[in-house]
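Spelled out, the chains give:
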There are 2 protein chains.
Amino acid sequence: MSTSVMVIGAGPAGLQAASTLSHLGFDVTVVEQQQYLGGAVARHQYQVLMPDFSSGPELLRHLIERVNEDPHIKIYTGTSVEDVSESRDIFSITLSGAHAETIQSHAVVLATGFDHFNPARDGKYGYGIFPDVITGAELEEMFAKGPIRRPSNGEVPQSVAFIYCVGSRDRQVGNTYCSRVCCAVSAKQSIELREQLPKARISMFYMDVRTYGLWEDSLYWRSQEEAGVVYVKGRIAEVTEQHGRPVLKGEDTLVRGPFEWPFDLIVLAAGMEPSRGTHDMAKKFQVSLESHGFIKQAHTIHNASLTDHPGVFVAGAASGPKAIEDSIAEGDVASLAVFDYLKAKVTL
Amino acid sequence: MSTSVMVIGAGPAGLQAASTLSHLGFDVTVVEQQQYLGGAVARHQYQVLMPDFSSGPELLRHLIERVNEDPHIKIYTGTSVEDVSESRDIFSITLSGAHAETIQSHAVVLATGFDHFNPARDGKYGYGIFPDVITGAELEEMFAKGPIRRPSNGEVPQSVAFIYCVGSRDRQVGNTYCSRVCCAVSAKQSIELREQLPKARISMFYMDVRTYGLWEDSLYWRSQEEAGVVYVKGRIAEVTEQHGRPVLKGEDTLVRGPFEWPFDLIVLAAGMEPSRGTHDMAKKFQVSLESHGFIKQAHTIHNASLTDHPGVFVAGAASGPKAIEDSIAEGDVASLAVFDYLKAKVTL
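Criteria and cut-off values
- Sequence order sets the numbering: in each chain, residues are counted from 1 along the sequence as written.
- Each chain is given a letter, starting from A, and each ligand a number, starting from 1, according to the order in which they appear as written.
- Two thresholds apply to this predicted model, a pLDDT of at least 70 for residue-level local features and 80 or more for giving and counting side-chain atom pairs, whereas whole-chain, interface and lining totals are computed over all residues.
- In computing side-chain properties, one takes all heavy atoms of the structure into account and sets aside hydrogens as well as water.
- Throughout this description, the term salt bridge denotes a Lys or Arg side-chain nitrogen within 4 Å of a carboxyl oxygen of Asp or Glu.
- Categorising residues by exposure relies on relative accessible area from a 1.4 Å probe, with only protein chains included: less than 20% of the type maximum marks a residue as buried, more than 50% marks it as exposed, and the intermediate range marks it as partly exposed.
- Nine residue types can take part in a nonpolar core, namely buried Ala, Val, Leu, Ile, Met, Phe, Trp, Tyr and Cys, and a core is a set of them joined through side-chain atoms within 4.5 Å.
- The contact definition used throughout considers only heavy atoms, calling two residues in contact when any of these lie within 4.5 Å.
- Helical segments are the DSSP runs of H or I of at least four residues, strand segments are the runs of E of at least two, and each set is numbered from the N terminus.
- In this comparison the copies share one frame, found by least squares on the C-alpha atoms of residues holding pLDDT of at least 70 in both.
- Domain delimitation in this document rests on an assignment produced automatically or drawn from a domain database.
- Note: buried area is the sum, over both parts, of the accessible area (probe 1.4 Å) each one loses when the two are combined.
- Between N or O atoms, a polar contact is any pair within 3.5 Å; within protein, one atom must be a potential hydrogen donor and the other a potential acceptor, and residues adjacent in sequence are included only when both atoms are from side chains.

Novice: It is not clear to me how the pattern of salt bridges should be interpreted in this structure. Could you clarify?
Specialist: Residues and elements named next belong to chain A. Across all of its chains, the model carries 32 salt bridges over all chains by this definition. Two residues, E330 and K322, come together in a salt bridge whose shortest N-O distance is 3.2 Å. Assigned by exposure class, E330 and K322 land together as buried. Ionic contacts of the salt-bridge type, sharing partners, join the residues D132, R150, R245 and D264 into one network.

Novice: Whenever I open this one, the nonpolar core confuses me. Can you help?
Specialist: Generally speaking, soluble globular proteins have nonpolar side chains that are buried together. By size, the foremost hydrophobic cluster in this structure holds 148 residues, and its most contacted members are V109 of chain A together with V109 of chain B. If near-sequence neighbours (up to four positions away) are discounted, V109 of chain A is found in contact with V5, M6, V7, I8, A17, L21, F313, A315, A334 and V338 of chain A.

Novice: How should helix α4 (residues 136–145) of chain A be read in this particular structure?
Specialist: Side chains three or four residues apart in an α-helix point the same way, a direct result of the helix having 3.6 residues per turn. Considered for burial, the residues of α4 of chain A that qualify are G136, A137, L139, E140, M142 and F143 of chain A. Elements that come into contact with the buried residues of α4 of chain A comprise β3 (48–49), β10 (114–116), β11 (133–135), β12 (159–166), α5 (182–196) and β17 (265–270) of chain A.

Novice: It is not clear to me how the relation of the copies chain A and chain B should be interpreted in this structure. Could you clarify?
Specialist: Comparison of the two chain copies shows a relationship of rotation about an axis with a shift along it. Superposition of chain A onto chain B requires a rotation of 180° combined with a translation of 0.0 Å along the rotation axis, giving an RMSD of 0.0 Å. One copy is carried onto the other by what is essentially a two-fold rotation axis. A share of 100% of interface residues in chain A that are also interface residues in chain B marks the association as one of identical surfaces.

Novice: Any chance you could explain the domain arrangement of chain A here in plain terms?
Specialist: By a widespread convention, an interface's size corresponds to the accessible area lost as its parts come together. Residue and element names in this part refer to chain A. Each assigned domain of chain A is listed here: domain 1 (4–113 + 275–342) and domain 2 (117–271). Relative to domain 2, the C-alpha centre of domain 1 lies at a distance of 31 Å. Listed by partner, the interface residues are 17 residues for domain 1 and 22 residues for domain 2. When domain 1 packs against domain 2, close to 1600 Å² is buried across both sides, 67% of that on carbon and sulfur atoms. When the buried surface of domain 1 facing domain 2 is broken down by residue, M50, F53 and P321 rank first, second and third, together holding 37% of it. Put simply, domain 1 and domain 2 have one salt bridge between them. For R180, the salt bridge is made with D326, and the minimal N-O distance between the two is 3.3 Å. Remark: the boundary between domain 1 and domain 2 carries four residue pairs in polar contact (both at pLDDT 80 or more). Every element with two or more residues in the side of domain 1 that touches domain 2 is listed here: β3 and α8 (324–343).

Structure, rendered in structure tokens:
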């Protein structure tokens with residue numbers, strides 16, 4: 001039996017891990033429950049990525065071509081992990097769906113990603129009630145499909161509000177953590193919007209703007225200075241509707257006053273939650289979760305990919321909110337951790 | 001000639017890269033201009049690391065033991081790169097200092113790190129003038145050496161202010177970027193301070209609190225709720241002195257009022273700048289810098305370690321502000337990039 005590793009999840013982290021594991025000499029099986037590869041990047045058709053405005057489809061092409069052309073990588077889409085048993089450090093993994101078989105693996109990389117918070121869970125945003133209230137992911141899909149129009153009437157929006165931290169940093173919905181990338185993604189989206197809507201008023205309602213590191217200039221300052229986007233530190237009370245337009249009610253915490261402003265379009269920067277797949281796989285592979293339900297890192301600083309179960313590794317947003325660049329880096333980190341782990345056990 | 005790689009800089013990124021490159025089969029030479037290994041973690045004797053309050057000395061021991069015990073890694077401390085030439089994809093690197101020799105390398109990893117911004121460059125903070133105004137790095141050294149006392153008179157401080165974004169997000173000093181980790185490091189320090197100073201007033205003066213991702217609970221909320229630290233969104237006008245105590249003048253941007261508060265101790269969260277070594281090595285190895293003087297990443301998202309010079313890779317804060325965990329991850333990413341690069345050129 002050759003030395004084989006299973007990667008579960010085919011988003012950026014999983015695809016990177018698969019390719020790197022193959023470079024390191026392993027036979028790799030990638031199991032993905034969806035019919036497509038690329039995770040959230042593919043699901044929402046991200047056209048332009050932050051922070052560098054590079055092409056989403058090109059990134060996917062790069063990641064997918066490498067695994068497709070690699071004879072040491074098998075790709076099982078439309079396939080789920082049904083059952084796992086372990087004996088003498090070898091995992092027997094029973095799959096269902098398109099590839100119903102049992103596979104022996106020496107190690108496993110969980111790259112099961114995230115789901116977006118569903119804003120319908122918090123009534124105050126009016127999501128699912130008012131058609132002109134959409135999520136950031138839906139805005140990405142609009143960018144992919146054509147010009148930006150109001151869902152309610154097909155008109156060009158003259159005013160757009162972004163609400164930050166939807167489902168993040170919010171005890172009431174149960175998510176106390178920050179989703180890390182939504183500030184930067186929203187800033188990127190506001191710059192893209194400006195190209196299509198040269199005259200629209202674009203306003204960002206935030207708690208803290210977390211365009212950390214070098215994102216500060218390329219996203220936050222650029223959105224303000226080149227795209228004329230206005231940032232308002234504010235608390236959102238609720239979204240209502242008047243005369244067919246959503247109305248944002250809240251308090252501007254800098255000028256200390258309540259506001260009640262109508263917008264043609266409201267974009268909710270919905271945060272990240274552990275995906276159902278992350279929960280399921282954590283249970284099947286017996287790895288612990290941290291307090292928010294992400295996979296717990298055994299050594300946060302030493303190595304991002306170690307779980308508390310030897311032979312089971314994690315990469316990408318399965319262990320917490322990540323940017324795509326972080327997820328790809330962790331695909332490498334996890335592959336090397338597998339390499340070190342198996343070098344001690346198996347003659348490669 | 002065996003396949004050899006030079007790692008320049010022996011902070012967390014460089015030490016991780018050295019160890020991983022050796023695991024991948026290379027002979028590694030680590031060149032470090034200082035006499036010690038461990039970079040900023042060693043220089044400032046970080047005792048407790050964010051986000052998980054793990055031990056700094058233990059992290060260093062882990063990173064350093066691995067390279068010291070590895071027969072494929074040579075460590076050249078007290079050594080600098082004097083001159084570089086390149087012929088047929090082989091770098092001839094002339095060293096000076098403790099190991100004055102010329103080494104042939106097939107690839108190079110620049111892990112030359114950062115320097116802290118020197119707050120004496122901005123007169124408004126009173127740093128270098130008022131003894132009770134110190135930097136976050138100096139606070140780390142105080143934690144390492146003994147109890148926290150006011151430098152001016154040796155008394156226990158009853159009130160401590162942290163000023164965020166010192167030398168970051170500041171056009172006047174020329175650093176428009178965010179230094180990424182200072183918010184979180186300051187929150188960690190405030191929690192540590194509370195243990196020593198149960199009754200002190202501890203106040204954080206911030207622009208935005210950027211404890212992103214899962215740092216939110218473990219640092220930001222914990223500092224407020226467990227350590228009773230107060231966060232004030234404010235702009236700092238200047239630090240003066242009255243009756244032997246530094247006085248912080250500024251404007252609270254939330255309650256819209258000026259303040260003038262004396263503190264026993266003021267901690268400046270000084271940001272990161274490209275180190276002199278980063279500048280020097282970028283020039284010697286002919287890699288481009290981005291607009292702030294960090295080493296420019298050729299593909300931000302695809303691979304964090306690629307520069308625009310084939311065979312020269314980057315890891316850690318040399319390419320921009322990073323947390324230690326990011327720098328260690330990038331040590332792995334750079335090692336794999338070297339592996340892929342050399343696999344195409346050399347029979348390993």
